[in-house]
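Structural description and commentary
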Amino acid sequence: MKVLAAFIFFTRLPFWRIKEVPAKYFKRIVPYWPLAGWLTGSITVGVLWIAAQILPISIAWVLAILSRLLITGCLHEGLADFFDGFGGGTTKERTLAIMKDSQIGSYGVIGLIVYFLLLFLLLENLPLKLICVLVICGDCWSKFCASQIINYLPYARKEEESKAKNVYDRMTWQELLTGFICGFLPIILFLPIDFWPVMICPILTFTLLYRLMKRRLQGYTGDCCGATFLLCELSFYLGALILLYAHIKYGNPNFINVYLK
């Protein structure tokens, strides 16, 4: 039931038609966020792969990005609110008020422009196979890293002030293990071991964002969760690109030949 609740909450696919899920299950969905990443990542990769058979990879990658926007219901709205809040606010109260405002500000606009430019440019020139691997692995692993925010910080607002009208419970060790397996399994299955060091990048990004939220808000919000995932994922791609070119320029590139054909 919690898995179904996670798919209902983290995607816009009509899973709600399968069965009505009691509200209490939505408090424990975060451990299954990486599992939802299997679904969103697979659909994104599927659109990318199919489109790339008839279109240039750069155009196929744009279509794949658009498909994930539709699947997830534009999580990037939370990223814009995050940029607005932390860019325009100086106190906890002011930051929370800005993040709750439905209007997007200049920090949000600039932040989204830079985010999408980086998201497009980081992967557009890579081989198709490598993009597909990075997308599915980055989606699941970054969601696991971002999900840990609920274990380290309390919710920054009152529950009734939550946009989703829902405050997540902290994970049990069984849920933590489940989330880790769902986040790490794609890396074991698909990512060459030489690329495994890129897993550090989302962890470092999470650490920096955690410290920022703790200092400014003494907690997290739903917008913070979404922004943490998207920025962790972006750092995963950036780390992979740096590692790839470092191997090509300074090391032995043979381990990536399968992707460069």
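Scroll up a little and you will see the structure.
Note on numbering: residues in each chain are counted from 1, in written sequence order. Given that the model is predicted, a residue must reach a pLDDT of at least 70 before its local features are reported, and side-chain atom pairs must reach 80 or more before they are shown or counted; all residues, however, enter totals for whole chains, interfaces and linings. Just so you know, side-chain values use all the structure's heavy atoms and leave hydrogens and water out.

1. Side note on the side chain of S142
Put simply, DSSP marks the helices as runs of H or I at least four residues long and the strands as runs of E at least two long, and each gets a number from the N terminus on. Along the chain, S142 falls in helix α7 (residues 128-147). In this structure S142 comes out as buried when scored by relative accessible area, which is 0%. At 3.3 Å, the side chain of S142 and the backbone nitrogen of E233 are in polar contact. Residue exposure (1.4 Å probe, protein chains only): buried if accessible area is under 20% of the type maximum, exposed if over 50%, otherwise partly exposed. Two N or O atoms count as a polar contact when they lie within 3.5 Å, although within protein this holds only if one can serve as hydrogen donor and the other as acceptor, and sequence-adjacent residues are included solely when both atoms are side-chain atoms.

2. A word on the packing of aromatic side chains
Pairing of aromatic side chains here covers Phe, Tyr and the six-membered ring of Trp, requires ring centres within 6.5 Å, and sorts the geometry by plane angle: under 30 degrees stacked, over 60 edge-to-face, intermediate tilted. The tally for this structure, following the rule as stated, stands at 19 aromatic pairs. Between the aromatic rings of F206 and Y210, the centroid separation amounts to 6.4 Å while the plane-to-plane angle is 15°, which identifies the pairing as stacked. Here Y210 and F206 lie together in helix α10 (residues 200-216), a separation of four residues that amounts to about one turn. A relative accessible area of 11% means that F206 is categorised as buried.

3. Observations concerning the environment of I71
Along the chain, I71 falls in helix α3 (residues 57-72). Accessibility expressed as a relative area gives 7% for I71, which makes it buried. Residues I71 and T40, 31 residues apart in the sequence, show an inter-C-alpha distance of 6.8 Å. Not counting residues up to four positions away in its chain, the partners in contact with I71 are T11, R12, L13, T40 and I43. Residues are treated as being in contact if the distance between any of their heavy atoms lies within 4.5 Å.

4. Here we look at the packing of α7 against α10
Note on method: axes are straight lines fitted to C-alpha atoms, helices fitted across the in-contact stretch only, with angles between N-to-C directions ranging 0 to 180 degrees. Put simply, α7 and α10 touch, their axes get as near as 9 Å, and they point 30° apart. Classed by the angle they form, the pair α7 and α10 counts as roughly parallel. Of the two possible hands of crossing, α7 and α10 adopt the one that is right-handed. Contacts between α7 and α10 involve W141, S142, C145 and A146 on the former and, on the latter, P202, I203 and F206. Under the scheme applied, nonpolar residues are Ala, Val, Leu, Ile, Met, Phe, Trp, Tyr, Cys and Pro; charged residues are Asp, Glu, Lys and Arg; polar residues are all the others, including Gly. The class makeup of the residues in the contact of α7 with α10 is six nonpolar, one polar and no charged. Roughly parallel refers to an angle under 35 degrees, roughly antiparallel to one over 145, roughly perpendicular to one between 65 and 115, and oblique to any angle outside these ranges. It is the rotation of the near helix from the far one that decides the hand of a crossing: anticlockwise by less than a right angle makes it left-handed, clockwise makes it right-handed.

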